[in-house]
Amino acid sequence: MLGTLARKCGIFGGLVTMERLWEQALGNLKTHLSPENFETWLEPVQFGGIEHDSVILRIPNQFFAEWISAHYLDMILDTLRSEAGDASVPTKVRWELDETLREKAQAARESAPPPPPRAPRPTPRAPEMADLNPKYRFRNFVVGPANQLAHAASVACGSDPGRRYNPLFIYGGVGLGKTHLVNAIGHAILQRNPRARILYLSAERFTNEFIWSLQNHQINSFRERYRSQCDVLLMDDIQFLAGREQTQEEFFHTFNALYHSDKQIVVTSDVYPQQISEMQERLISRFQSGMVADVQAPELDTRIAILQKKAESEGIELESEVALFLAQTVRSNVRELEGTLLRIAVKAELLGLPIDLDLAKETLRTIAPNQDTATTVEDIQRIACGYFGIRLADLKSRRRHRAVSFPRMIAMYICRQRLGTSYPELGERFGGKDHTTVISAVRKISGLVEAQDERVLGAVGAIERKLGI
Ligand code: ADP
Ligand code: MG
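The paragraphs below set out a description of the structure included in this document. Along each chain, numbering runs from 1 in the same order as the chain's sequence is written. Both sets of labels track the order of writing: A upward for chains, 1 upward for ligands. In keeping with the model being predicted, local features are shown solely for residues with a pLDDT of at least 70 and side-chain atom pairs are shown and tallied solely at 80 or more, while totals for entire chains, interfaces and linings include all residues. Excluding hydrogens and water, the side-chain values take into account all heavy atoms of the structure.

A word on the packing of aromatic side chains. Between 30 and 60 degrees the pair is tilted, below 30 it is stacked and above 60 it is edge-to-face, where a pair is any two Phe, Tyr or Trp rings, Trp via its six-membered ring, whose centres lie within 6.5 Å. Under the definition given, this model contains 14 aromatic pairs. Between the aromatic rings of F169 and Y171, the centroid separation amounts to 6.5 Å while the plane-to-plane angle is 45°, which identifies the pairing as tilted. On the basis of relative accessible area, F169 is assigned to the buried category, the value being 1%. Centre to centre, the rings of F255 and Y259 are 6.0 Å apart; their planes meet at 15°, and the pair counts as stacked. Residue F255 and its partner Y259 are located together in helix α11 (residues 245-260), separated by four residues, close to a single helical turn. Exposure remark for F255: the relative accessible area of 1% places this residue in the buried category. For the exposure calls, accessible area comes from a 1.4 Å probe over protein chains only, and a residue counts as buried if that area is under 20% of its type's maximum, exposed if over 50%, partly exposed in between. Working definition: helices are DSSP H or I runs of at least four residues, strands are E runs of at least two. Numbering for both runs from the N terminus.

What follows is the structure in structure tokens.
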């Protein structure tokens, strides 16, 4: 027998209506959760309809069931109930494991299409509406060699906005702390000057608001808000503007208006200004005119410190051998690192076990079964040696002869591109070289790749094909 809700949905067109119901419920939940939690725990979940007296939810792995049951299930069921306007929504959930969701969730996040334009908020905004994430502060940002410069420049912006580093351009890979730093700048400025008018938003939202304003004849108030009523503009993920000529044009004028009135501008991107595809030259040169700082994947000690800080703030007891194991295993991305720690903590709590090495290993095996088979620095080194016909010892040696230095640079470049390993760590793994040596090797090969150098493209392509990446 179908539940009342299912029957009701059936009348309005079956699955489609149910899916809309789920979307509405998600929209509602989104307003109650932090973006981080929403993205991590609810976005990857799929609504599988209603059967008998159960809601079917498809999840990427078992931990979602555990975590969601512990934290969000009541809220989900309540929201479904209120969206359906029906008190008889089933109270049970049937979880269905769907491993493809894990990849899908990741892919969707990486190439998210713009959501339907949202109406901009009324102006002017009060400071507390700056949309800053309250969790992202300087005090809980762990500083290490990989992010030192970006951190120092951010702190300077936070204490003296619009003066020393303007604009500040922070770039680096996914999950390495750009959004955290930018929010922390906003908080620091507000702390000194609670009246500062701070706008924090993604370039995607800027685009959507701009389009909305054009369509609804609100362009003047849009310009007013971004050019005249703003003291600090924090624009996240500027690479979203790639190829969007008209929005770039608008942003260019916004930038100039703010810049000429000494207002602080901070921009983040996943790549260096010149590498942003389809970006107007004049914007690129604006970005480069101030301070450009990168965030790299943190090296081992910083990863350990991040885990410890996170554990402390979440009230998780984390022994140093477990921290070391996790930091050694999850290398490239702080978001992954934090997610792994939380999952282990959830598991420990649910099973009533201590967080020890066994549990950590076991959990990593189940949530990241590919971890063992994932490409490593050693794989890349080995295959590069095979391709060029040199010995591993030569690859890691200090010899500068082109016959070994070229393969070494190629291997470093592939490691950096494909694994996101930090420069200092790559230095270590290539026989204890300085990180600046690695940086210049990677730059050199990047330049040759861009220049379509046939020998480089051939080598990189062949090695990557062998690796199956
Ligand atoms: P990005 O914007 O570069 O993709 P985020 O700023 O969203 O990355 O960072 C991802 C997660 O990792 C966030 O939860 C953030 O707080 C955390 N994080 C990143 N770097 C650090 C760091 N150095 N210290 C503490 N937490 C960090
Ligand atoms: Mg970000």
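There's plenty left to go through after this.
Turning our eyes to something else, we now look at the site of ligand 1. When we say a residue is near a molecule or strand, we mean one of its heavy atoms is within 4 Å of it. Inspection of the region around ligand 1 gives 18 residues, with G175, K178, T179, H180 and R335 positioned closest. Polar contacts here mean pairs of N or O atoms no more than 3.5 Å apart (in protein, one a potential hydrogen donor and the other a potential acceptor; neighbouring residues in sequence count only if both atoms are side-chain atoms). Take N147: an N or O atom from its side chain is 3.3 Å from a nitrogen atom of ligand 1. A distance of 2.8 Å is found between an oxygen atom of ligand 1 and a side-chain nitrogen or oxygen belonging to K178. All accessible areas in this document rest on Shrake-Rupley with a 1.4 Å probe, and a residue is counted as covered only by the protein chains that are shown. In the complex, 94% of the free accessible area of ligand 1, which totals 560 Å², lies under the protein chains. Looking at the shell around ligand 1, the elements that each hand over two or more residues are α8 (178-192) and α15 (334-351). All amino acids are sorted into three groups, where Ala, Val, Leu, Ile, Met, Phe, Trp, Tyr, Cys and Pro are nonpolar, Asp, Glu, Lys and Arg are charged, and the leftover types, Gly among them, are polar. For the shell around ligand 1, the per-class residue count stands at seven nonpolar, seven polar and four charged. The start and end points of each domain follow an automatic or database-based domain assignment. Taken together, domain 2 (127-295) and domain 3 (300-373) each give at least three residues to the shell around ligand 1, which thus spans both.

Running from N to C, helix α9 (residues 203-215) and helix α10 (residues 219-228) cross one another at 145°; their axes reach a closest spacing of 8 Å. Listed contacts from α10 to F206, E209, F210, S213 and L214 of α9 are I219, F222, R225 and Y226. Of the residues in the contact of α9 with α10, the class split is six nonpolar, one polar and two charged. Between N-to-C directions, angles span 0 to 180 degrees; the directions come from axes that are lines fitted to C-alpha atoms, helices contributing only their stretch in contact. For this analysis, residues touch if any pair of their heavy atoms sits within 4.5 Å.

Turning our eyes to something else, we now look at the pairing of strand β4 (residues 168-172). Most of β4 sits inside the fold, with five of its five residues counted as buried. Neither face of β4 is open: one carries L168, I170 and G172, the other F169 and Y171, and all of them are buried. Bridge count between β4 and strand β7 (residues 264-269): four bridges; the pairing is parallel. Within β7, the position partnered with I170 by the bridge is T268. The pairing of β4 with strand β8 (residues 291-295) spans five bridges and is parallel. For F169, the partnering residue across the bridge sits in β8 and is V292. DSSP calls a pair of strands paired once it identifies at least 2 bridges connecting them.

Let us look at the nonpolar core. As used here, the term nonpolar core means buried Ala, Val, Leu, Ile, Met, Phe, Trp, Tyr and Cys residues forming a set that is joined through side-chain atoms within 4.5 Å. Core analysis: the biggest nonpolar cluster contains 30 residues, and I380, I410, I414, F430, I445 and I463 have the highest contact counts within it. Looking at this core, the elements with two or more residues in it are α17 (377-388), α19 (402-419), α20 (423-429), α21 (435-450) and α22 (454-467). No other element matches the 10 residues that α19 contributes to this core. Counting 27 residues, the second-largest nonpolar core is a separate cluster that includes L199, A203, M235 and V267.

We now examine the sheet that holds β4. The five strands lie next to each other as β5-β6-β7-β4-β8, forming an open sheet whose pairing is parallel. Each edge of the open sheet is held by one strand with a lone partner, namely β5 (198-202) and β8. Pairwise comparison of adjacent strand axes, ignoring direction, gives a mean angle of 15° for this sheet. In this sheet, β7 lies alongside strand β6 (residues 232-236) in parallel orientation, the contact comprising four bridges. Among the inter-strand pairings, L234 is bridged to a residue of β7, identified as V266.

What is shown is where atoms sit, not what they do.
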